[in-house]
Amino acid sequence: MSSLIFTFIKVYPKLVLPLLNTSHRRFLLHNNVLLERARLSNVRFESTKEGNRYPSHGNKAAKHKDTRLREKQPYFRSVFAAGTAQRTAELMSKKAGEEGRGKKVRTRTVGHAGIPNRPLTAAEWAVLKQNAPYPLCFEVQMMKRMLAAGSDINIAKSLLAYVAVETGTLSYELLLKYLTLCVHGSHHSEVLDVYEIMKNRFKSFDPGAYSLFIKGFSNTERWKEALGFLESLNKAITPTANNYGEVISAALRHGDSATGWALYTELLEKGLIPNQNTWQALFESGVSQRWHNNRLEGILHYMRNNQVYPVESLARSIKAWFESLSETKWTGSWSTVAQSGVCQSCGTALESIELSEKEYGLLKEQVMQDVMQGNDVFIKSTPKELENFQNFLANKPAFDVVLDGLNVAKCLGRGQPSEILLTVVSELKKQGLNVLVLGRSHMQRYSHTWDRQHMSLVRQMAHCFFTDNISEDDPFLLYATLHSGNHCRFVSKDLMRDHKACLPDSAMRRLFFKWQRGHQLVIQSIFPGKMVQFQPIHSYDTIVQTDGVSWHIPYDPEGQERCSYEIPTTWLCVKRVS
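Rules and cut-offs
Residues numbered from 1 in each chain as written. Predicted model: local features only at pLDDT ≥ 70, side-chain atom pairs only at ≥ 80, totals over all residues. Heavy atoms only, no water. Helix = DSSP H or I, 4+ residues; strand = E, 2+ residues; numbered from the N terminus. Buried < 20%, exposed > 50% of the residue type's maximum accessible area, 1.4 Å probe, protein only. Areas by Shrake-Rupley, 256 points an atom, 1.4 Å probe, with all protein chains shown as cover. Pairing = 2+ DSSP bridges. Contact = heavy atoms within 4.5 Å. Axes fitted to C-alpha atoms, helices over the stretch in contact; angles between N-to-C directions. Polar contact = N/O pair within 3.5 Å; in protein donor to acceptor, adjacent residues only side chain to side chain. 1 Å grid on protein atoms, 1.4 Å probe; cavity = no way out; pocket = protein on both sides within 12 Å on 5 of 7 lines; lining within 4 Å. Points joined across faces, edges and corners; volume = space filled by probe spheres on them. Nonpolar A, V, L, I, M, F, W, Y, C, P; charged D, E, K, R; others polar. Salt bridge = Lys/Arg side-chain N within 4 Å of Asp/Glu carboxyl O. pLDDT = per-residue confidence, 0-100. Phe/Tyr/Trp six-rings, centres within 6.5 Å; stacked < 30°, edge-to-face > 60°.

## Quick look at the overall build of the chain
Okay, step 1: When its secondary structure is counted, the chain shows 23 helices and 13 strands.
Okay, step 2: Here the chain, with 578 residues, has 50% of them falling under the buried criterion.
Okay, step 3: Accessible surface, the chain as shown: approximately 27,900 Å² in total, 51% of it carbon and sulfur.

Structure follows, in C-alpha cells:
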C-alpha cells in the first residue's frame, strides 16, 4: 500500500454520523528393455543369498529366500503425490514425540491485547488512551488490533465517535483501517458510508483504498461503481487479478455476462493469472447462459497449458456446466487413476508422462546450457572439473541410471553410508543396468563411513565420478541423465526445486517438472545388504486433458494441503454420452 495521507480539517457531522450507527511405491526398470511401470510399481525383489550379502557382515544370519517376484502389499505413494509432504511432517512429529502432548493451537494474542469487549464511551476511550504506552498513535494502533482480531464493528464505531468528538476530524489512515475492517467483515452499508465521507474529504485515494472499495462495492447493488474504481486504479498501477475478479463476479451475479467476459479478456491481455473464484463464477454463469461455451472450454485449455489444478468447488462447477449442456450429453464422476494410467471411472488411458522428442530436445538443450555455461547459480565448480566430466561422459556408453551417491548413502540418516550405497548399486546392477554413481572426493578416503570393501565393490559394479567436495553435484546429476537419453532415470531424494527455479520461463519449468516426475526414482525403503524398494513412477501425466469424447481434470479436494511440487491424486472424469 502506498504512503497514507494524514489530513486534519474541520469535521462534517452529517458525514460522520452514519459511521456511528450501531446496526448491524522394489525396482525392475529394464531387462535391456523398459518394463511397464504399472508392473514395476507392484513388484518386490528379495535376495537369494543366505545371510548378508557382504563377507564382512557374514556373521548376521538370515532365513533362506528364493529369488522371486511377488505382489507387494502396501501401496507406496509418490513423493510428488498431494499430501505426501504433510504426512511426512506428521510422521516426523510423531517420531519426535510431539504427538499426544495436547498441543495448543497458536494464535496471535499479542495484537489483541487491550481491545475492549464492548463499545466504549468517549470518557472510557480517553482513560484507555491516557494509560496507553504510546498515546500519540493510540487510535490507529487500536484500529489495527481490532482488524487483526476481527472485532465487533460497533466497538470500532465507538472509537471513531470518540476521535471525532475529541479532535473534530478523522484521519485518512484511521478511516482506511476502519474501511478495511468493514470490507473484511462484509459490513456493506458501512463501506458505503465510509466512501461518502472519504469522497468529500480527500481528492484522491491510494491503490489500497481503491482495492478495498472495489471489493466492498462489488458485493452491493452499487457494484457498477466498482468499474470506476477499477478504471481509476488502472491509471496508477496495474490492478491485480483479485481486483478484476471481484468486478467480474459482481457483473455475472447481476446477469451482465458481457461486462464480465470483457473484463476477463482484459485481465488475460494484461498477463494476469485469473483466480479460481473468477473461473468458478464464469462456469456457474455458463449453466444458465449458453453462448459462452467456447470461452469456458478455453479456460480448461488455459489450465492445461499452465498446469493449473482447480479446487474441488471449482471442479464441481465445471461438472455442473458440462452436465447442463443440451447440444451434447455429458456425465461427470469423481475418479482416481490406476498405476497403469487408466481412469478408474471410464477406462480411458491418460496421456503418457514421457516427453516427446521435441520436448526432450528443448529441455536437454536448456538444462545443459545452464549447467555447462554456468547459468545455474547453484553450481559451485570449476571449468576444468566440468571439462573433465564432459570428457568422462563422452568416453562412456549411455547410462540407464544415474545415482546421487552421497544423497543415496545418507538416505536413512543412520547405518553405514557405504553399505547403503552398495545395496542400491547391487540391486540396479543385478538388473543388467549401466549405472553411474556421482559422489564427492571425500567418499574415496576409506573410513568407517566409507568402508574400503564396500566402495571397491561399488567401483566394480558401476562407473563412478567424484567431484570436489565444494562442488554442487545436482547439476552433474541432471546433465548426466539428460546426456544419456530419454530412457535414463536418476536416483535422488532431492526435489531439484532450486534448479527448476533457475530455468528461464514457466513453460520450461513445467517441462522440467514433467520430465522429473517421469525419471526420478526415490527410495521408499531399504534394508542394507538385503533389499530396496522405490516409490512408483507414474506412467501418466497429471494435467487437464481431453481426447474429444472425455475430459479428465485433476483437482484438489477441499481441505487438502498440497505443496507446489506435489500433484493431485483425485480426478474429475467427464464423458460424452453416445
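Next comes the rest of the description.
## A few points about the sheet that holds strand β13 (residues 570-576)
Okay, step 1: Here four strands make up an open sheet; going across it, the order is β3-β13-β12-β11 and the pairing antiparallel. Strand pairing shows two members of the sheet lacking a second neighbour, β3 (330-335) and β11 (545-546), which therefore form its edges.
Okay, step 2: Looking at chain direction, β3 and β13 are connected through six bridges and run antiparallel. In the sheet register, tryptophan 330 faces β13, and the bridge partner there is arginine 576.
Okay, step 3: Helix α15 (residues 312-324) contacts β3, β12 (550-555) and β13 of the sheet and is inclined by roughly 155° relative to β3.

## Some points on the environment of leucine 175
Okay, step 1: Take leucine 175: it is sitting in helix α7 (residues 172-184).
Okay, step 2: It is 9.8 Å that separates the C-alpha atoms of leucine 175 and alanine 209, two residues lying 34 residues apart in sequence.

## Some points on unusual backbone geometry
Okay, step 1: A positive phi angle is found at serine 186, which is not glycine, with a value near 60°.
Okay, step 2: Following the sequence through the fold, serine 186 ends up in the loop between α7 and α8 (188-201).
Okay, step 3: At glutamine 307, a position not held by glycine, the phi torsion is positive, near 50°.
Okay, step 4: Take glutamine 307: it is sitting in the loop between α14 (293-305) and α15.
Okay, step 5: Glutamine 307 gets classed as buried once you look at its relative accessible area, which sits at 17%.

## Description of the side chain of serine 285
Okay, step 1: In this structure, serine 285 sits in helix α13 (residues 276-288).
Okay, step 2: Here serine 285 falls in the buried class, since its relative accessible area comes to 8%.
Okay, step 3: For serine 285, the side chain forms a polar contact with the main-chain oxygen of leucine 282, separated by 2.7 Å.

## Some details on empty space enclosed by the protein
Okay, step 1: Size it by volume and the largest cavity reaches roughly 70 Å³.
Okay, step 2: Taken together, Ser78, Phe80, Ile353, Arg517, Pro536, Ile537, His538, Tyr540, Thr542 and Ile567 form the lining of the largest cavity.
Okay, step 3: Grouping the amino acids of the lining of the largest cavity by side-chain chemistry returns six nonpolar, three polar and one charged.

## Things to note about the layout of surface pockets
Okay, step 1: As a volume, the second largest pocket reaches approximately 460 Å³.
Okay, step 2: Lining the second largest pocket are 15 residues, and of these Asn306, Gln307, Val308, Arg510 and Ser564 sit closest to its centre.
Okay, step 3: Class assignment of the residues belonging to the lining of the second largest pocket gives a composition of six nonpolar, four polar and five charged.

## Here we look at the pattern of salt bridges
Okay, step 1: Under the defined criterion, the tally for this structure stands at 15 salt bridges.
Okay, step 2: When the shortest N-O distance is used, the salt bridge between glutamate 354 and arginine 489 registers 3.3 Å. With a gap of 135 residues between them, glutamate 354 in the loop between β3 and α16 (357-372) and arginine 489 in strand β7 (residues 489-491) connect regions that are remote in the sequence.
Okay, step 3: The class of arginine 489 is buried, set by a relative accessible area of 0%.
Okay, step 4: A single salt-bridge network, built from bridges that share partners, covers Glu196, Lys199, Arg222 and Glu225.

## Overview of the environment of glutamine 444
Okay, step 1: For glutamine 444, the location among the structural elements is in the loop between β5 (435-440) and α20 (452-461).
Okay, step 2: According to the relative accessible area criterion, glutamine 444 is partly exposed, its value standing at 34%.
Okay, step 3: Placed eleven residues apart in sequence, glutamine 444 and methionine 455 show a C-alpha to C-alpha distance of 7.7 Å.
Okay, step 4: Within the structure, glutamine 444 has its side chain in polar contact with the side chain of arginine 459 (distance 2.8 Å).

## Brief notes about the confidence of the model for the chain
Okay, step 1: Confidence along the chain averages 82 in pLDDT terms, with 80% of residues attaining 70 or more.
Okay, step 2: Under a pLDDT of 50 for its full length, residues 104-111 has, in the predicted model, one contact with residues more than four places off or in other chains.

## A closer look at the environment of glycine 271
Okay, step 1: Within the secondary structure layout, glycine 271 lies in the loop between α12 (257-269) and α13.
Okay, step 2: Spatially, the C-alpha atoms of glycine 271 and alanine 241 are 9.5 Å apart, while their sequence positions differ by 30 residues.

## Observations concerning the side chain of threonine 348
Okay, step 1: Within the secondary structure layout, threonine 348 lies in the loop between β3 and α16.
Okay, step 2: For threonine 348, the contacting residues outside a window of four places in its chain are Gly341, Val342, Cys343, Asp547, Ser550, His552 and Lys575.

## Considering the pairing of β12
Okay, step 1: Judged by how many residues are buried, β12 sits mostly within the fold: six of six residues are covered.
Okay, step 2: Burial along β12 is two-sided: Ser550, His552 and Pro554 and Trp551, Ile553 and Tyr555, pointing in opposite directions, are all buried.
Okay, step 3: Bridging between β11 and β12 involves two bridges; their strand directions are antiparallel. By the bridge assignment, threonine 546 is partnered in β12 with tryptophan 551.

## Section: the packing of aromatic side chains
Okay, step 1: Following the criterion strictly, the structure yields 28 aromatic pairs and no others.
Okay, step 2: For the pair phenylalanine 392 and phenylalanine 465, a centre-to-centre distance of 5.2 Å together with 55° between the ring planes defines the contact as tilted. Here the residue phenylalanine 392 occupies a position in helix α17 (residues 383-394), and phenylalanine 465 occupies one in strand β6 (residues 463-467), the gap between them amounting to 73 residues. Phenylalanine 465 carries the same exposure label as phenylalanine 392, and that label is buried.
Okay, step 3: Here phenylalanine 490 and tryptophan 515 contribute two aromatic rings whose centre-to-centre distance is 5.5 Å and whose plane-to-plane angle is 20°, an arrangement assigned as stacked. With phenylalanine 490 in strand β7 and tryptophan 515 in helix α23 (residues 506-519), this residue pair connects regions lying 25 residues apart in the sequence.

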